[in-house]
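# Structural features, examined
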Amino acid sequence: MALREILIVPDPRLKQVSARVEVVDDALRALMDDMLETMYAAPGIGLAAVQVGVARRVIVMDISKPEDEREPRYFVNPEILWASEETAPYEEGCLSVPEIYDEVERPARVKLRYQNYRGETIEEDAEGLFAVCIQHEMDHLDGVLFIDHLSRLKREQAVKKVKKQVRAA
Ligand code: ZN
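The present account deals with the structure reproduced in this document.

Conventions used here
- Residues numbered from 1 in each chain as written.
- Predicted model: local features only at pLDDT ≥ 70, side-chain atom pairs only at ≥ 80, totals over all residues.
- Heavy atoms only, no water.
- Helix = DSSP H or I, 4+ residues; strand = E, 2+ residues; numbered from the N terminus.
- Buried < 20%, exposed > 50% of the residue type's maximum accessible area, 1.4 Å probe, protein only.
- Polar contact = N/O pair within 3.5 Å; in protein donor to acceptor, adjacent residues only side chain to side chain.
- Contact = heavy atoms within 4.5 Å.
- Pairing = 2+ DSSP bridges.
- Axes fitted to C-alpha atoms, helices over the stretch in contact; angles between N-to-C directions.
- Core = buried A, V, L, I, M, F, W, Y, C linked by side-chain atoms within 4.5 Å.
- Donors = N, O, S within 2.8 Å, 3.2 Å for Na, K, Ca; no water.
- Expected span 1.5 Å × (residues − 1).

### Quick look at the side chain of E92
With respect to the element layout, E92 can be found in strand 4 (residues 87-94). Classification of E92 by relative accessible area gives buried; the value is 3%. Here the side chain of E92 touches H136 through a polar contact of 2.8 Å, side chain to side chain. Excluding residues that lie within four positions of it along the chain, E92 makes contacts with I100, Y101, D102, V104, R106, V132, H136 and F146.

### Some words on the sheet that holds strand 6 (residues 109-115)
With antiparallel pairing, the five strands of this open sheet are ordered in space as 1-2-3-6-7. The two strands at the open ends of the sheet, each matched to only one other strand, are strand 1 (46-48) and strand 7 (121-127). With direction set aside, neighbouring strand axes in the sheet form an average angle of 40°. Pairing geometry for strand 6 and strand 7, over seven bridges, is antiparallel. Bridging across to strand 7, K111 finds its partner in D125. In this fold helix 1 (residues 26-41) packs onto strand 1, strand 2 (58-61) and strand 3 (73-83), with an angle of close to 40° to the strand it touches most, strand 2.

### Things to note about the side chain of Q135
Following the sequence through the fold, Q135 ends up in helix 2 (residues 128-141). Of the polar contacts made by the side chain of Q135, one reaches the backbone oxygen of A131; its length is 3.1 Å. What Q135 contacts, discounting residues up to four positions off in sequence, is I80, R106, P107 and V110.

### Details of the nonpolar core
Ranked by size, the top nonpolar core spans 18 residues in total, and within it L28, M32, M35, L47, V58 and V60 carry the most contacts. Mapped by element, the contributors of at least two residues to this core are helix 1, strand 2 and strand 3. Take this core: its biggest share by element is seven residues, from helix 1. Those residues in contact with M35 that sit more than four places away from it in its chain are L47, A48, A49, V52, V58, I59 and V60.

### Focus: the coordination of the zinc ion
C94 (SG), H136 (NE2) and H140 (NE2) make up the full set of protein donors to the zinc ion, lying at 2.1 to 2.3 Å. Expressed as a motif, the donor residue spacing for the zinc ion is C-x41-H-x3-H. Note that C94 is positioned in strand 4 and H136 in helix 2, a separation of 42 residues in sequence. Residue classification places C94 among the buried residues on the basis of a relative accessible area of 10%.

### Considerations on helix 2
With 14 residues, helix 2 should cover 20 Å at 1.5 Å per step; its first-to-last C-alpha distance of 21 Å lies within 8% of that length. Of all 14 residues in helix 2, twelve are buried; the element is thus mostly enclosed. When helix 2 is considered as a whole, its buried residues turn out to be F130, A131, V132, C133, I134, Q135, H136, E137, M138, D139, H140 and L141. Note on helix 2: the residue one or two positions beyond its end, G143, has a positive phi of about 75°.

Encoded structure:
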């Protein structure tokens, strides 16, 4: 496994629409292993492949509590089959938009279909942090960042702040 570099806004590669994965094979599993290691090292709770410059519909996630055992999860070609009318706000952050947090309103519950690490097709309901995280990560697959859900002013301020951090680093 190897650490990958996480792209930071305003990198235009984050705006790419990711392509569907045809087959879950060892090469894809190697990518998912790298993504997971990169996510844990950051540290973060979710990462989409496009954030490490690979525009394919792959997400890794671990929303277990820090004091609990790790529970890595893998989502290949995730789709939302149903979303609740009811929405819920959550203060989101993103490894590609470091140190910026803001509230985003999304459907509170969703029904998902995806392929897992072994390529099996799974249908699953998500709510709470899981629902927030999967919707945030799935946005990445379509080139959308959480700051794109904010007002234009807030989005521009966020990008400016990140640029300043990057320059200072
Ligand atoms: Zn993100």
